[in-house]
Each structure stands twice: as structure tokens, then as C-alpha cells.
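In case you want the letters, here they are:
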Amino acid sequence: MGVRGRRTFWIEAGIVLAIALFLIIVMPTVLSNFRLNLLGRFLSLAIVALGIDLIWGYTGLLSLGHGIFFALGGYAIAMHIKLEDADGGLPDFMSLYGGTELPWFWEPFYSFPFASFAVVTIPALLAGILGYLVFRNRIKGVYFSILTQAATIVFFNFFNGQQKLFNGTNGLTNFQTLLGTSVNTQSTQFIFYSLTIVLLVGAYALCRWLTNGRFGRLLMAIRDDESRVRFSGYNPTEFKVLVFAVSGALAGIAGAMYTLQSGSVSPRLMDVAFSIEMVIWVAIGGRGTLVGAILGALLVNYARSFLSEQFPEIWLFFQGALFLIVVTVLPDGIIGWLKTQGIQNLRRRKAFTYPSLEEDPEVQQERQEIEATSNE
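Report on the accompanying structure. (Residues numbered from 1 in each chain as written. Predicted model: local features only at pLDDT ≥ 70, side-chain atom pairs only at ≥ 80, totals over all residues. Heavy atoms only, no water.)

**Concerning the overall build of the chain**
Step number 1: Helix and strand counts for the chain come out as 16 helices and two strands.
Step number 2: Counting across all 376 residues of the chain, residues that qualify as buried make up 42%.
Step number 3: Contacts in the chain between residues at least 24 apart in sequence constitute 78% of all its contacts with a sequence separation of at least 6. (Helix = DSSP H or I, 4+ residues; strand = E, 2+ residues; numbered from the N terminus. Buried < 20%, exposed > 50% of the residue type's maximum accessible area, 1.4 Å probe, protein only. Contact = heavy atoms within 4.5 Å.)

**Topic: the packing of aromatic side chains**
Step number 1: For the coordinates displayed, the defined rule picks out 19 aromatic pairs.
Step number 2: Relative to Phe 105, the ring of Trp 104 lies with its centre 5.7 Å away and its plane at 85°, an arrangement referred to as edge-to-face.
Step number 3: Relative to Phe 159, the ring of Phe 158 has its centre 5.5 Å away and its plane inclined at 85°; by these criteria the two rings are edge-to-face.
Step number 4: Given the relative accessible area of 41%, Phe 158 is considered partly exposed.
Step number 5: Members of the aromatic cluster, joined through ring pairs, are Tyr 75, Trp 104, Phe 105, Phe 158, Phe 159 and Phe 166. (Phe/Tyr/Trp six-rings, centres within 6.5 Å; stacked < 30°, edge-to-face > 60°.)

**Observations regarding the packing of helix α9 (residues 213-224) against helix α11 (residues 236-262)**
Step number 1: Two numbers describe how α9 lies on α11: the axes approach to 11 Å, and their chain directions differ by 105°. It follows that α9 is roughly perpendicular to α11 by the angle criterion. In this structure, α9 uses Phe 215, Leu 218, Leu 219 and Ile 222 to contact α11, whose residues at the interface are Pro 236, Phe 239, Lys 240, Leu 242 and Val 243.
Step number 2: A per-class count over the contact of α9 with α11 returns eight nonpolar, no polar and one charged. (Axes fitted to C-alpha atoms, helices over the stretch in contact; angles between N-to-C directions. Parallel < 35°, antiparallel > 145°, perpendicular 65-115°, else oblique. Nonpolar A, V, L, I, M, F, W, Y, C, P; charged D, E, K, R; others polar.)

**Considering the side chain of Thr 188**
Step number 1: If you trace the backbone, Thr 188 turns up in helix α8 (residues 186-211).
Step number 2: Relative accessible area serves as the criterion here: at 8%, Thr 188 is assigned to the buried category.
Step number 3: A distance of 2.8 Å separates a polar side-chain atom of Thr 188 from the backbone oxygen of Ser 182.
Step number 4: Here Thr 185 takes part through its side chain, which lies 2.8 Å from a polar atom of the side chain of Thr 188.
Step number 5: Look past the residues within four positions of Thr 188 in its chain and what remains in contact with it is Thr 181, Ser 182 and Val 183. (Polar contact = N/O pair within 3.5 Å; in protein donor to acceptor, adjacent residues only side chain to side chain.)

**Let's talk about unusual backbone geometry**
Step number 1: For Asn 167, which is not glycine, the phi dihedral falls at a positive 65°.
Step number 2: Along the chain, Asn 167 turns up in the loop between α7 (163-166) and β1 (177-178).
Step number 3: Of note, the phi angle at Leu 179 is positive, near 55°, even though the residue is not glycine.
Step number 4: Inspection of the secondary structure puts Leu 179 in the loop between β1 and β2 (181-182).

As C-alpha cells, then:
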């Protein structure tokens, strides 16, 4: 990294740190508890948006099934909370459906470290296995998108039908304590909010690191021309599996933080429509930019919250119109449009300053020197 690269790095790091401190210190004094909780949820959604931008914007893999990994992360932390609330007994919903003993796969979730580990590893392993089975057969493009969408339907129907294991369509709700502390108090929710910001900064740093340098260029090469990458001696399957697993892990972390702040997790998070919404966030913000993924997640979700409050009967029409306008007018997203406008303005300024070589003072000076030399 040269001097210019180090300077850019420290400027970017300073901006990210300043924004994080602003969100942690200033926003709690401005927003009510309800609005701050909403902001925390939307910031957790920005984490999964980063993961989608990593695989779609940089690697060209359009996943329509990230709701699976998002929900699995939420279920992992929720299972631990329900076991802690049960205090050695069965979770409340199991007895309602006639359960008499705890299923074997629930028992490891008594441990908070295991549950925290599972939040990351279960979605990452599932994404890695699914990615390997798909990518080794060179399935890509729309077929990959269809497969991920089909996987979402399978997981949604499975969790939706398991009343004794996961409370079916109702999901896991009514959280009380985590590590002996009530999860519903204002102080605990502020801790979850602050932790979400820290994890978002970490997710951005990870994605920024992965997309820079040779690895990032290789991901974009896979996106633009996978066959040429393979002919160059690389195996795209390994890189795509790795990136897909990282994206799944980020979705799991996002799902866990969203569950802690919303107080519930259900198969609704595995719904196909929700996974498609995640892609729309990235498309509106600007794919292949990382910042656009965060911006898109925040803007779309805040717009939906505002419109649903102001126009409860017709807000879906506003949301649909917003999506259509952005996709048709701003195909590169908000960040892409800003970059394009910045380049165009820069070109205009240069053209206005030096409309022709005849008015360039350096050219005029060189011409005078040449004429003076020839006269001698």
C-alpha cells in the first residue's frame, strides 16, 4: 500500500469511526426508545445487505435465499434464550403441543458460547455445503437464483410445520432473560443496539478487506468472465464457496441481532418475499459499492416504516412505485448515480477551464520557447 493508499485508508477509517460514534452517542439522545429500536433493527438488516452485495455486486451470484441464513442465526440465539427462560425445563410452547422431553439438538444451546458460535457457523456451513454442491456442477446465473429460492421454500415449509420443535408458524417469542439479565429493559436494548453498530463496522471492514487487492479483483473477474478465470489456472468454485459461506455467516449474525431487538423469530423470515427484499435494498443503494448496500437497507426500511404509518391502507403502492422508479431511473443505484454525476461534473469543470489546447498556458509557453529557439 502506497502513501496515497494509506492516506485513503485512514480517511475512510476515520469516517466510519465518526459515524459509529455518532450513532452510539448522539442518536440515543435524539430518538425515542421505539425509534432507536427501529434503527437498531435496520442496522442489523444492513449487515445482511453487505453479505448480499459481496456475493452479488462483486462475485455476480444473485441469491434469493438469504432469508434462510438470516432466520437460522435468529433461531440459534432464540433457542438459548428459551432454554434459559425454562430454567431446566421445557420451553413453554413444547408442553402446549404435548412434548415430554427436550429434543437432542436443543441441548447444546444451553451454552451461550455454543449458541453464539452457532449463530455464525450454522449459516456459514449450510451456505458452504449448498454452494459447493451447486458451484462444482458449474450452475450459475438464473439457475443459481432459482435453486436458492427453492431452498428457501423448503426451509420455510419445514420450520412452519414443526410445532413441537420450533413452535411452527408462531416461531419463538416471549423472550425474558439473556445471561441472567432481562432482554426487555432499556439498558439491555441499548447494549444490543451498540453491539449491532460494532458488528456492522466489523462486517464492513471484512467486506472491504475481501474486495480489495488481488482477491477482490479475482472476485470481479469471476463476475465478469468466469470462463477466462478458469482458463487462467484458477478454480472459481473454491472462491465462490468461500464468499458464499462468508455471506451466509454475515446473514446469521444479522438475524441474531435482529431477533434480539425485535423479540421474536419465525419462519416469516424465511419467506421468499423477504429474501427478494434484501436484494432490492442492495439494488437501490448500488451494488458493488458496500456503502450502497448499507444505505439501501436503511432508506428502504425507513421509507416503509414512514409510509406504513402515514398511509396504512395504500403504503404498499408507494413502496412499489419507489422500487420501480429507482430501478428504471437509477439502474446503478443511488451510489452509482452519485459516482456518475461526480465524474460528469469533473469532466465539465476540466472542459470549462481548458476548452482547447490553444488556451492552455503550458502549451503556449512551450510554443513560445520553440519559436524563440527556431529564430536563433
